[in-house]
Amino acid sequence: MQQCTEMAGMNVMEKKLAEYKCDSNEAICLKLVRFAEEVDDESTTFHPEYSHQLYGDDEVAFGYKGLQIQLYYSAGNLITLFKVKYSARVTENFDCVEPDDVEGKIREIIPAGFSCNTDDFISLLEKEANFKPFGTLLHTYHIHNVEAGENLTYQIHKVDVSWPGFRDYHERLQTFLVWFIETASFIDVDDDRWDFFLVFEKYDKDGETLFATVGYMSVYNYYVYPDKTRPRVSQMLILPPFQGEGHGAQLLEAVHRFYCNLPKVQDITAEDPSENYVKLRDYVLVKLCQTLPSFSTDKLPLGFSDDMATEAREKLKINKKHARRVYEILRLRVMDMSDETKARDYRLEVKKRLFAPTKKNQRELTKMMKCLRPEELASHISQMDTALQQEELEKSYQEVLAEYRRVIERLAQA
């Protein structure tokens, strides 16, 4: 009877404590502020995709009801307002249960110099007119904004850490990585091999021209023997209010064109690219390659050639692996898939590429079988199931085909 009473008491306590658990992604409120009235405008608020690096894999902040962690940034220079609000907090009545230090966790990633007072933050907005983009202007482009009913102007700048004021700005900018890149990490900007590319929107406010931060990319220049470099894209982020407008493609294309003009660059790669980045890269590289003579419509049916690999590398700094994907996309675009012979030839060629790593693994496994014990052999033999391999290969081919068709559709809309 006593045990039942104790269990009932625990269940009541658990229910009470559950009321003090908050989804940290929902609790964190981010904002890019241009005008003072936007501070209280909930429609301009956005939330993280991830918060596990600060609040654990379950992304839960414990100890508060109605928790709201405000991280508001001035749109240009990213001057920061940081406030924590809640309607209730656990107390000593809960058998010494301590609330999470939600404020301390945020302070671990945001640099010093932030404001905790809304009025002070609003007064700092007046200084945004003095903010000008860092670095050298690489590219200007325009995108029609339906809501505004006009074309908006954007600029892409290239900068390094030696640029006055950029180091402090970058410390504020990179805090967004934690919320929107699952495996994000801060970088050592003291290494002079880093290049940074920034995207800004140019807009008017009370007759003055101002700039808002849209996104950025960091690139590390690796040394390649004997006298080359290989720029590797490390992290890329377009801030949520600007996503889906084409800024990522503009940025990646501008970066490619910048490095194409440097004779010491061998090719351009990416560090652990996400699925979305690969899709973006496919689109940009196809757009760049489609005008090259070796990728002309009459040459695509002849198959992937050394000329394609060489021209893509020499003119656009694209490596052979990526050039091959470009070829497959462009060939699919001009091919009549209703022609069974052409469709079969294309399918077999793509599958041959997809199967190459599996074939290599098979050869290695065959060699290993000569020295494996019976029980080890049994665990490996399933890898050589031909029917299963064919099924997986067909699945991979259909997935690739779907990816390629999305790129082709986007090209048609461009």
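Parameters and conventions
Residues numbered from 1 in each chain as written. Predicted model: local features only at pLDDT ≥ 70, side-chain atom pairs only at ≥ 80, totals over all residues. Heavy atoms only, no water. Helix = DSSP H or I, 4+ residues; strand = E, 2+ residues; numbered from the N terminus. Contact = heavy atoms within 4.5 Å. Pairing = 2+ DSSP bridges. Axes fitted to C-alpha atoms, helices over the stretch in contact; angles between N-to-C directions. UniProt positions renumbered as here; feature names shortened; annotations may be inferred. Buried < 20%, exposed > 50% of the residue type's maximum accessible area, 1.4 Å probe, protein only.

This part takes up the side chain of Thr 118. With respect to the helices and strands, the residue Thr 118 is situated in helix α5 (residues 118-125). Among residues more than four places away in sequence, those in contact with Thr 118 are Val 39, Leu 81 and Lys 83.

Let us now look at the sheet that holds strand β6 (residues 80-85). One open sheet holds the three strands; their spatial order is β2-β5-β6, and the pairing between them is mixed. Since the sheet does not close on itself, it has two edges, and those belong to β2 (28-33) and β6, each with one partner. Strand-to-strand, the axes of this sheet are offset by a mean angle of 15°, without reference to chain direction.

Another point: the sheet that holds strand β13 (residues 269-270). Ordered in space as β8-β9-β10-β11-β12-β13, the six strands form an open sheet in which the pairing is mixed. The two strands at the open ends of the sheet, each matched to only one other strand, are β8 (136-145) and β13. Alignment of β8 against strand β9 (residues 150-159), held across nine bridges, turns out to be antiparallel. Bridge pairing in β9 places Ile 143 opposite Leu 152.

Another aspect to go through is the UniProt feature "site: Interaction with histone H4 N-terminus" (unreviewed entry) in the protein chain. Those residues carrying the UniProt feature "site: Interaction with histone H4 N-terminus" (unreviewed entry) are Trp 194 in this numbering. Note that Trp 194 resides in strand β10 (residues 194-205). On the basis of relative accessible area, Trp 194 is assigned to the buried category, the value being 10%. When sequence neighbours within four positions are dropped, the list of residues in contact with Trp 194 reads Asp 160, Ile 187, Asp 188, Val 189, Ser 218, Val 219, Tyr 220 and Ser 234.

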